[in-house]
Amino acid sequence: MNRHPVLTALLAAAQASAATRAVLICAVLICSGLTACSSPPPPAFNPGGPASTAPATPMATSSGPGSVIMPPFGKNAHVIMTDWMPADAAMAKAALADKDYELAFLYAEYTGGKSQDWTAYVSRTMELQVRALLAKPDVTTESFKGTIRIFDMRVIRDPTVPADLDVSACFDNAKAVNTNLGTGAVLPGQSPSDDSYYRFTDQLAQSPTGQWQVISNYPLVYYPRAKECKP
């Protein structure tokens, strides 16, 4: 369970077995987080459960400015996102955008590729690559359950394009498993391995409107090279 969208989609496709990886300007989501909204929220998407027939409606919530937008995962799935933020204001905005993208991408996988919330955080080129990845059968027929941790985040200037920022973090899905989207049954042949721990790096650039967007991904770095990513 270690799928992470790379720009070329080649690395992700080659490593997609037993994988589930992981984010939106709140314009399309803000209603769900405000008491002023008139209609009650639909149930969270619950693969294999009674709510699994409901559409993947974006009903994510945020606890306020500067907080991540948490998608409505069911009770069987938990994503623990680091609360670390850089002191630099621009880097903090990029870090928040990347956190939201990662969460939204994970939710897209959780819903079998149905959720489209992640599109608000990526460039057009990146969108095409991610759409191709989410359209693969190992995404559209699967979900996941368990706990995923994203931690030890860092933000640096991109070494090639100084105006861009690189946001990286450790990803630990050793306590999560892929499931059948329709039945919720755990898929066979899964067990934690060194590939369950890795560091991903997203490259972000500012759009003409000033929004930080994910435009590319660097190759994943697995444990033991990413020693800091295995507890």
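Higher on the page you've got the structure.
In what follows, the accompanying structure is described. None of these values were measured; they are calculated from a predicted model.

## Focus on the packing of aromatic side chains
Inference 1: Here the structure, examined in full by the defined rule, presents eight aromatic pairs.
Inference 2: Between Tyr110 and Phe144, the ring centres sit 5.4 Å apart and the planes meet at 70 degrees, which makes this aromatic pair edge-to-face. One end of the pair, Tyr110, is in helix α2 (residues 89-110); the other, Phe144, is in strand β4 (residues 142-157), with 34 residues separating them in the sequence.
Inference 3: Taken together, a centroid distance of 5.1 Å and an interplanar angle of 25 degrees make the contact between Phe171 and Tyr198 stacked. Within this pair, whereas Phe171 is found in strand β5 (residues 165-180), its partner Tyr198 is found in strand β6 (residues 197-206), the two being separated by 27 residues in sequence.
Inference 4: Taking the relative accessible area as the measure of exposure, Tyr198 reaches 0% and is therefore buried.
Inference 5: Three or more aromatic residues joined by ring pairs make a cluster, and in this case those are Phe73, Tyr107, Tyr110 and Phe144.
Inference 6: One residue, Arg149, lies across the ring of Phe151, its end atom 4.2 Å from the ring centre.

## Points about the state of the cysteines
Inference 1: Enumeration over the complete set of coordinates arrives at one disulfide.
Inference 2: Between the sulfur atoms of Cys170 and its disulfide mate Cys229 the distance is 2.0 Å. Residues Cys170 and Cys229 share a disulfide whose torsion about the S-S bond is about -75 degrees; that sign makes it left-handed. Taken together, the positions of Cys170 in strand β5 and Cys229 in the segment after β7 (212-222) put the pair 59 residues apart, joining distant regions of the chain. Taken as a pair, Cys170 and Cys229 share a single burial class, namely buried.

## Some remarks on α2
Inference 1: With 22 residues, α2 extends 32 Å from end C-alpha to end C-alpha; this agrees with the ideal 32 Å at 1.5 Å per step.
Inference 2: Of all 22 residues in α2, 19 are buried, a share of seventy percent or more.
Inference 3: The distance from a side-chain oxygen at the start of α2 to the backbone nitrogen of Ala90 is 3.1 Å, and the residue carrying that oxygen is Asp88.
Inference 4: Gly112, located one to two residues past α2, shows a positive phi value of around 70 degrees.

## With respect to unusual backbone geometry
Inference 1: With an omega dihedral of 15 degrees, the bond running from Tyr223 to Pro224 counts as a cis peptide bond.
Inference 2: Position of Pro224 among the secondary structure elements: in the segment after β7.
Inference 3: Positive phi is not limited to glycine here, since Asp152 has a value of about 50 degrees.

## A look at the sheet that holds β7
The strands that make up a sheet pair up through hydrogen bonds in the backbone, lying either parallel or antiparallel.
Inference 1: The mixed open sheet is built from five strands, whose spatial order is β3-β4-β5-β6-β7. Every other strand in the sheet has two partners, leaving β3 (77-81) and β7 as the edge strands with one partner each. Going from strand to strand, the sheet's axes swing by 25 degrees on average, the running direction of each strand aside.
Inference 2: By the bridge criterion, eight bridges tie β5 to β6 in an arrangement that is antiparallel. The residue of β6 that forms the bridge with Leu165 is Leu204.
Inference 3: In the packing of α2 onto the sheet, the strands contacted are β3, β4, β5, β6 and β7, and the crossing angle to β4 comes to about 165 degrees.

## Quick word on the packing of α2 against helix α3 (residues 124-134)
Inference 1: The interhelical angle for the contact between α2 and α3, taken along N-to-C directions, is 30 degrees, at an axis separation of 11 Å. Between α2 and α3, the crossing angle belongs to the class labelled roughly parallel. Two packed elements cross with a definite hand, and for α2 against α3 that hand is right-handed. Each of Tyr101, Phe105, Ala108 and Glu109 in α2 lies in contact with α3, whose residues at this interface are Met126, Val130, Leu133 and Leu134.

## What about the nonpolar core?
Nonpolar side chains in soluble globular proteins generally cluster together in the buried interior.
Inference 1: Counting residues in hydrophobic clusters, the biggest one holds 42 residues, and the most contacted among them are Phe73, Tyr101, Leu106, Trp118 and Ile150.
Inference 2: Mapped onto this core, the elements with two or more residues apiece are β3, α2, α3, β4, β5, β6 and β7.
Inference 3: With six residues, the next largest nonpolar core counts Cys170, Tyr197, Ala226 and Cys229 among its residues.

## Observations concerning the pattern of salt bridges
When the charged atoms of two side chains with opposite charge come close together, those side chains can pair.
Inference 1: Tallied over the full model, the rule gives eight salt bridges.
Inference 2: Residue Arg149 is joined to Asp172 by a salt bridge in which the shortest nitrogen-to-oxygen separation is 3.5 Å. Here Arg149 is found in strand β4, whereas its partner Asp172 is found in strand β5, with 23 residues between them in sequence.
Inference 3: The exposure class of Arg149 is partly exposed, given its relative accessible area of 29%.
Inference 4: Since its relative accessible area comes to 9%, Asp172 is described here as buried.

Calculation criteria
As a convention, each chain's residues are numbered from 1 in the sequence order in which they are written. Per-residue local features of the predicted model are confined to residues with pLDDT of at least 70, and side-chain atom pairs are confined, for both listing and counting, to 80 or more; whole-chain, interface and lining totals are unaffected and use all residues. The side-chain numbers reported here are obtained from all heavy atoms of the structure, hydrogens and water having been left aside. Aromatic pairs are defined between Phe, Tyr and Trp rings, using the six-membered ring for Trp, whenever the two ring centres lie within 6.5 Å; interplanar angles under 30 degrees are classed as stacked, those over 60 as edge-to-face, and all others as tilted. Only DSSP runs of H or I covering at least 4 residues are called helices, and only runs of E covering at least 2 are called strands; the numbering of each starts at the N terminus. We call a residue buried when its accessible area falls under 20% of the maximum for its residue type, exposed when it is over 50%, and partly exposed in between, using a 1.4 Å probe and counting protein chains only. The criterion is that NZ of a Lys, or CZ of an Arg, lies within 6 Å of the ring centre and within 35 degrees of the ring normal, and then a charge sits over that ring. Here, a disulfide means two cysteine sulfur atoms that sit within 2.5 Å of each other. An expected span of 1.5 Å times one less than the residue number is assigned to each helix. Under the rule applied, a polar contact is a pair of N or O atoms within 3.5 Å (in protein, one hydrogen donor and one hydrogen acceptor; residues adjacent in sequence only if both atoms are side-chain atoms). Note on pairing: two strands pair once DSSP finds at least 2 bridges between them. Axis definition: a line fit to C-alpha positions, over the contact stretch in the case of helices; interaxial angles, taken between N-to-C directions, run 0 to 180 degrees. Any pair of residues with heavy atoms lying within 4.5 Å of one another is described as a contacting pair. The labels follow the angle: roughly parallel below 35 degrees, roughly antiparallel above 145, roughly perpendicular from 65 to 115, and oblique for the rest. Two helices that cross are described as forming a left-handed crossing if the nearer one is turned anticlockwise from the farther one by less than a right angle, and a right-handed crossing if clockwise. By nonpolar core is meant a set of buried Ala, Val, Leu, Ile, Met, Phe, Trp, Tyr and Cys residues that side-chain atoms within 4.5 Å join together. Only one rule defines a salt bridge in this text: a Lys or Arg side-chain nitrogen within 4 Å of an Asp or Glu carboxyl oxygen.

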